[in-house]
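Commentary on secondary and tertiary structure
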Amino acid sequence: DGPELRLQQEIVLGIGGWRLLSSLGIEPAICHLNEGHAALAVLERARDFMTATGQSFEVALTATRSGNIFTTHTPVEAGFDRFQKEMAEPYLAPYAEKLGISYGSLLALGRQNPGDDREPLNMAYLAVRGAGAVNAVSRLHCHVSRNIFQPLFPRIPLWEIPVTYVTNGVHVPSWDSALADTLWTDACGQYRWQGDLETLEENMKGISPERFWMLRDARIKELISYVRQRYARQLAAMGAPRQDVSQCAQLLDAKCLTVGFARRFTGYKRPNLLLQDPERLVRLLTDPERSLQLIIAGKAHPNDREGKEMIKAWARFTRRPEVRPRVIFLEDYDMSLAQKMVQGVDLWINTPRRPWEACGTSGMKVLVNGGLNLSEIDGWWAEAYRPEVGWALGDGREHDSDPAWDVYEAGELYRILEEEVIPCFYERDRTGVPILWAERMRRSMAELTPAFSSNRMVREYVEKLYFPALAAFRERTKNEAQAALQINLWRRSIETLWPQIAMRNFYGERRDEGILFFRVEVALGGVHPGIVAVQLWADPLDDETFEVQPMKRSAIRDQANNVWGYEAEIKTQRALDDYTPRVVPYLPGAMVPLEAPQILWYK
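In what follows, the accompanying structure is described. Keep in mind that this is a model prediction, so the values were computed, not measured.

**Concerning a nonpolar patch on the surface**
Taken together, the side chains of Leu-20, Leu-24 and Ile-26 define a hydrophobic patch exposed on the protein surface, amounting to about 300 Å² of accessible area. Position of Ile-26 relative to the elements: it lies in the loop between α1 (3–23) and β1 (31–34).

**Some thoughts on the packing of aromatic side chains**
Counting across every chain of the model gives 23 aromatic pairs. Where Phe-70 meets Phe-149, the ring centres are 6.4 Å apart and the plane angle is 75°; that geometry is what we call edge-to-face. Highlighted residues: Phe-70 in strand β2 (residues 68–71) and Phe-149 in helix α7 (residues 139–149), separated in sequence by 79 residues. Each member of the pair Phe-70 and Phe-149 is classed as buried. Ring centres of Trp-537 and Trp-601 lie 6.1 Å apart, and the angle between their planes is 85°; on these two criteria the pair is classed as edge-to-face. Linking Trp-537 in strand β15 (residues 532–538) with Trp-601 in strand β20 (residues 600–601), this pair joins segments that are 64 residues apart in sequence. For Trp-537, a relative accessible area of 4% gives the class buried. Members of the aromatic cluster, each reached through a chain of ring pairs, are Trp-213, Trp-391, Phe-425, Tyr-426 and Trp-437. A cation over an aromatic ring shows up here: Arg-45 above the ring of Phe-473, its NZ or CZ 4.7 Å from the ring centre. Its end group placed over the ring of Trp-564, Arg-553 keeps NZ or CZ at 4.9 Å from the ring centre.

**Re α7**
Burial analysis of α7 places 8 of its 11 residues in the buried class, the great majority of the element. Within α7, burial applies to Leu-140, His-141, Cys-142, Val-144, Ser-145, Arg-146, Ile-148 and Phe-149. Considering only its buried residues, α7 is in contact with β2, α6 (123–129), β5 (133–136) and β6 (164–165).

**So, the side chain of Arg-270**
Along the polypeptide, Arg-270 turns up in the loop between β7 (257–264) and α12 (278–286). Judged by its relative accessible area of 4%, Arg-270 falls in the buried class. Among the polar contacts made by the side chain of Arg-270, one reaches the main-chain carbonyl oxygen of Pro-352 at a distance of 3.1 Å. Once residues lying within four places of it in the same chain are set aside, the contact partners of Arg-270 are Thr-351, Pro-352, Arg-353, Glu-376, Trp-405, Asp-406 and Glu-409.

**Here we look at the nonpolar core**
Inside soluble globular proteins, nonpolar side chains tend to come together where they are buried. Ranked by size, the top nonpolar core spans 61 residues in total, and within it Leu-43, Phe-57, Phe-70 and Phe-149 carry the most contacts. When residues no more than four places from it in sequence are discounted, the contact partners of Leu-43 are Phe-57, Tyr-95, Leu-99, Leu-106, Leu-109 and Leu-126. Membership of the second largest hydrophobic core comes to 60 residues, among which are Ile-207, Trp-213, Val-259 and Leu-284.

**Some thoughts on the sheet that holds strand β19 (residues 579–585)**
Taken together, 4 strands build an open sheet; the order of strands is β16-β15-β19-β20 and the sheet is antiparallel. Each edge of the open sheet is held by one strand with a lone partner, namely β16 (547–550) and β20. Looking at chain direction, β15 and β19 are connected through 7 bridges and run antiparallel. By the bridge assignment for β19, Leu-536 is matched with Pro-581.

**Things to note about unusual backbone geometry**
Note the cis peptide between Arg-354 and Pro-355, where omega equals 5°. Tracing the backbone through its elements, the reader meets Pro-355 in the loop between β10 (347–350) and α15 (362–367). In this chain, Val-592 is followed by Pro-593 through a cis amide linkage whose omega measures 10°. Within the secondary structure, Pro-593 sits in the loop between β19 and β20.

Parameters and conventions
Residues numbered from 1 in each chain as written. Predicted model: local features only at pLDDT ≥ 70, side-chain atom pairs only at ≥ 80, totals over all residues. Heavy atoms only, no water. Patch = residues over 30% accessible without salt bridge, like charges linked within 9 Å, V, L, I, M, F, W, Y side chains within 5 Å. Areas by Shrake-Rupley, 256 points an atom, 1.4 Å probe, with all protein chains shown as cover. Salt bridge = Lys/Arg side-chain N within 4 Å of Asp/Glu carboxyl O. Helix = DSSP H or I, 4+ residues; strand = E, 2+ residues; numbered from the N terminus. Phe/Tyr/Trp six-rings, centres within 6.5 Å; stacked < 30°, edge-to-face > 60°. Buried < 20%, exposed > 50% of the residue type's maximum accessible area, 1.4 Å probe, protein only. Lys NZ or Arg CZ within 6 Å of the ring centre and 35° of its normal. Contact = heavy atoms within 4.5 Å. Polar contact = N/O pair within 3.5 Å; in protein donor to acceptor, adjacent residues only side chain to side chain. Core = buried A, V, L, I, M, F, W, Y, C linked by side-chain atoms within 4.5 Å. Pairing = 2+ DSSP bridges.

This is the structure:
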């Protein structure tokens, strides 16, 4: 278990994986890299193309990268795999020879600064430089990832860092219970997950609150039965007294608000936030009229000391006599246990430290079963949360590893449970149905389940990423890769001649009827005016909507020095000072700034 073994595994996954496909006669147009672990596949794919066409590695990579999609799941830059030059050399230097490039050139593809010989090979950087599209796994994670990859695109505004997002989704039929499946079938039909899902929300409106509550009662009984049996086996395996094992049959209460959380125990997930004030938690668990009960599961990495200490803290708490009937900690957390928990709990709690949860999918799995979420405004919940479908923790900002903020948020977690969740669950109508809770169940199931299903996710990947990648790949590889050859020549020209470009004499004025007029002179040196674009940039007025306006080449001002005038008129109420001219590389079919990150701003 070390970096050398990790590199060996990634060689098998990336290079070996692509060769396996070739051996099977499979020639995929789209290669989807899930995290940077398989990044070496982009090199092997290029080598395959070299063999088939006789093109150089540089042209082959330009041709094939358009068919590669890189999905990053990492919320922190430190999570990327890195390999030191000396350690990787015995493996990758001979491989570089097969590519027709130097070992240094291979390493440069995975470095922030390609010429820095001390910098290790970063597999995520290699994936970015070998891909035609990069995506994060939630809207918030897209913003985080743009910050992470910004060093690869110096002087490019954060909003234009070439990272988009497709929020994760879960395969709903794998997680719904038989009880929930019956309700969905009655409301939406047997083949509901095989269509476009657009009618599901409307169909669920026909289900009565009583029916939702019947679902809740039935599934909580199933869960408690399963948990009692599993906990009894766990105690028996630990050598607990026979009396303790037999008492498992009396643990938990089907009428009680049942809260679940199950996850890997590690610092950023803050699984012990509920333990910040143990006595306050005890009061919630032992309230004779409106109590809650906890089912907890999880495990820590063997080398994660902090995570293991968190598990010990929960174990100690569950042994307190006054809470023993209301708290169960289940060991050996696995898919089977996760499935049972998400199918049965009333409320799913998730408390990561924002923005370290790239997406998170455990809370999505309760949706189809009628469970509700109380989660930090992070990952997918930052997109999903509305008061009508669940509860949110946090202020939507980042607080790093601040113990004082953890204490504050723990207090907020207790308060939300005490003042909002518990009253909503226990306030009943004359028939004993909690109408407000049942309505939240309905809206959560109807509105969020389709939106965070793999149906939506796969369709979004196909339409947003796969189809454009397929079209680009076909264009670049046809006619003996003529488009790739042209792009390669263009990129070399840009890299060589870019320092010769300069801007001067920028002028702007406000004309009648909200029209702004701008002009600027651009000295292009040896650069042909057809391979650059001159634009006006304005910062966003809100979080996302930046403005880029093209400037038209008007007339040559100095033919000897290749100086051109550029002009633009914009109808806007924005101030003149909002706009700044810039020059960027341009070529139809090229990916800017992925393939050409150069940019020149007017000073």
